[in-house]
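One-letter residues, chain by chain:
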Amino acid sequence: MAGCRAVVAGFLFEYDTPRIVLIRSRKVGLMNRAVQLLILAYVIGWVFVWEKGYQEVDSVVSSVTTKAKGVAVTNTSELGFRIWDVADYVIPAQEKDSIFIMTNMIITMNQTQGICPEIPDKTTVCQSDASCTAGSAGTHSNGVATGRCVPFSRTVKTCEVAAWCPLEDDTIVPTPAFLMAAENFTLLVKNNIWYPKFNFSKRNILPSFNTSYLKSCIYNAKTDPFCPIFRLGRIVASAGHSFQDMAVEGGIIGIQIKWECNLDRAAALCLPSYSFRRLDNRDTKHNVSPGYNFRFAKYYTSPAGMEHRTLVKAYGIRFDIIVFGKAGKFDIIPTMINVGSGLALLGVATVLCDVVVLYCTRKRYYYREKKYKFVDDSEQDLISETDQ
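Here, residues in each chain are numbered from 1, in the same order as that chain's written sequence. Selection of residues for local features in this predicted model requires a pLDDT of at least 70, selection of side-chain atom pairs for listing and counting requires 80 or more, and totals for whole chains, interfaces and linings are taken over all residues. In computing side-chain properties, one takes all heavy atoms of the structure into account and sets aside hydrogens as well as water.

Now for the state of the cysteines. Each disulfide consists of a covalent bond between the sulfur atoms of two cysteine residues. Any pair of cysteine sulfurs within 2.5 Å is marked as a disulfide. Enumeration over the complete set of coordinates arrives at five disulfides. For Cys-132, the disulfide goes to Cys-159, at an S-S distance of 2.0 Å. Taking the torsion about the sulfur-sulfur bond, which here is approximately -90 degrees, the covalent link between Cys-132 and Cys-159 counts as left-handed. Of this pair, Cys-132 sits in the loop between strand E5 (98–117) and strand E6 (144–151) while Cys-159 sits in strand E7 (residues 157–165), placing them 27 residues apart in sequence. With respect to class, Cys-132 is no different from Cys-159; both count as buried. Two residues share a disulfide in this structure: Cys-261 and Cys-270, whose sulfurs sit 1.8 Å from each other. Residues Cys-261 and Cys-270 share a disulfide whose torsion about the S-S bond is about 45 degrees; that sign makes it right-handed. With relative accessibility at 6%, the residue Cys-261 sits in the buried group. Helix and strand assignments follow DSSP, with helices taken as H or I runs no shorter than four residues and strands as E runs no shorter than two, numbered in order from the N terminus. Only protein chains enter the accessibility calculation, which uses a 1.4 Å probe; a residue is then buried when its area is under 20% of its type maximum, exposed when over 50%, and partly exposed in between.

This brings us to the nonpolar core. What makes a nonpolar core is a set of buried Ala, Val, Leu, Ile, Met, Phe, Trp, Tyr and Cys residues whose side-chain atoms join them at distances within 4.5 Å. Judged by nonpolar contacts, the single largest core of 54 residues is most densely connected at Ile-101, Met-102, Tyr-195 and Phe-319. Counting residues per element, this core draws most heavily on strand E14 (residues 307–330), which supplies eight residues. The criterion used for residue contact is that any of the two residues' heavy atoms lie within 4.5 Å. Apart from residues lying up to four places away in sequence, Met-102 is in contact with Trp-84, Asp-88, Tyr-89, Ile-91, Leu-179, Val-312, Ala-314, Tyr-315 and Gly-316.

Moving on to the packing of aromatic side chains. Between rings of Phe, Tyr and Trp, where Trp is taken as its six-membered ring, a pair exists when centres lie within 6.5 Å; planes separated by under 30 degrees are stacked, by over 60 edge-to-face, and by other angles tilted. A complete count under the given rule lists 16 aromatic pairs for this structure. Relative to Trp-50, the ring of Trp-46 lies with its centre 6.4 Å away and its plane at 20 degrees, an arrangement referred to as stacked. Separated by four residues within a single helix, Trp-46 and Trp-50 lie in helix H2 (residues 26–50), roughly one turn from each other. Between Phe-209 and Tyr-213, the aromatic rings sit 4.8 Å apart at their centres with planes inclined by 40 degrees, giving tilted as the arrangement. In this structure an aromatic cluster arises from ring pairing among Phe-100, Tyr-292, Phe-294 and Phe-296. Charge over a ring is defined by NZ of Lys or CZ of Arg lying within 6 Å of the ring centre and within 35 degrees of the ring normal. The ring of Trp-84 carries Arg-82 above its face, with NZ or CZ at 4.4 Å from the centroid.

Compared with the 36 Å implied by 1.5 Å per residue over 25 residues, the 33 Å span of H2 between its first and last C-alpha is a close match. Considered for burial, the residues of H2 that qualify are Val-28, Asn-32, Val-35, Ile-39, Val-43, Val-47 and Phe-48. Residues of H2 that are buried make contact with helix H7 (332–359). A positive backbone phi angle near 50 degrees is found at Lys-52, which sits one or two residues after H2. A helix is expected to span 1.5 Å multiplied by its residue count minus one.

Okay, the confidence of the model for the protein chain next. Every residue is assigned a pLDDT by the predictor, reflecting its confidence on a scale from 0 to 100. Looking at the protein chain, the pLDDT average stands at 88 and 90% of residues meet or exceed 70. Model confidence for the protein chain, summarised as mean pLDDT per element, is weakest for helix H9 (residues 377–387) at 55 and strongest for strand E10 (residues 229–231) at 97.

The next thing to look at is the side chain of Asn-32. Looking at where Asn-32 falls in the secondary structure, it is placed in helix H2. With residues up to four places along the chain from it excluded, the contact list for Asn-32 reads Ala-349, Thr-350 and Cys-353.

Counting through the fold element by element, Lys-202 comes out in strand E9 (residues 200–203). Summary of buried charges: Lys-202 has no salt-bridge partner, and the nearest side chain of opposite charge, Glu-260, is 14 Å away. There is a polar contact of 2.9 Å between the side chain of Lys-202 and the backbone oxygen of Ala-267. Polar contacts involving the side chain of Lys-202 include one to the main-chain carbonyl oxygen of Cys-270, which spans 2.7 Å. Excluding residues that lie within four positions of it along the chain, Lys-202 makes contacts with Asn-191, Asn-192, Ile-193, Trp-259, Ala-267, Ala-268, Cys-270 and Leu-271. Just so you know, the count uses Lys and Arg for positive and Asp and Glu for negative, and it drops His and the chain ends. Each salt bridge in this description consists of a side-chain nitrogen of Lys or Arg and a carboxyl oxygen of Asp or Glu lying within 4 Å of one another. Under the rule applied, a polar contact is a pair of N or O atoms within 3.5 Å (in protein, one hydrogen donor and one hydrogen acceptor; residues adjacent in sequence only if both atoms are side-chain atoms).

Written out as structure tokens, the structure is:
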């Protein structure tokens, strides 16, 4: 109990004030200056030079539009001789910050609503009607089962379904890709940016570009690093993959546009930089449901008034344009905050030297006697009474 009272009394009735002690020691003096130099190097080199701590910072606001160009030709037994242009392989025509280029397909023509045998697999193969449940429709079924077991071929029977017939058979993906010529298609990316804090805007089609240059340039990291027109094959290659391999089952590629702008310098020096990476991780050891694909249909009516459709399972590469970056400009408030923080950090040198001097050196007890002095009011009162 007495110890608690002493602690409380010490807290309430004691006051400590700094005392300056000059220690003439080469080791301690050099350590103090070395720590101060390290702190100054951090504040000046890292905070102000590298991180530009004297600037106000703003994040980029961006908009992106894309335009693909290129023509391919195919000649197959199913479709015959056919020319493919932008309206055929860009699906849909416009997306937000991305574009899909169809490179491969499974096409099922002249489908009508009717009944037909299911595509054989372990769940649809049957021996009799007892194996088929009328009205059932599994998640992987192409239609609603009628309850009948019918011949799919001379040797195989499957459950009959009411569906769009003939059914799509996507067990085998065409190899090589149907539109393998898409490797040479080009993609124009138009990017407009804005930094609202500084009311600064710019676009990736630089003021020095003219119409003739845009018609002839193709992005190259060394020779044309600011050209906004990219060849699809080069984009995929820059991401570390083969376009012809990726075109078979599709995938997703990220086109990254980075804007790092120092607005204390000329606006012409605020320039974009491009990089590319594959966003759908392709793991050869775990290759379940690879690539990127979806289905769409084109509907028409025959002269007899019957509805038909052509079903397309489209494989392709989706290019996602990802814009990021920041801009900085001098402002007195962050400058003063960082200067104040740097000055406060200089106090760390004193604290560190005190710890070494008072607890780590051989003369620590001697230094403690010089560092701390205890004064009691009762002693001073006694001295005053003696003098009287």
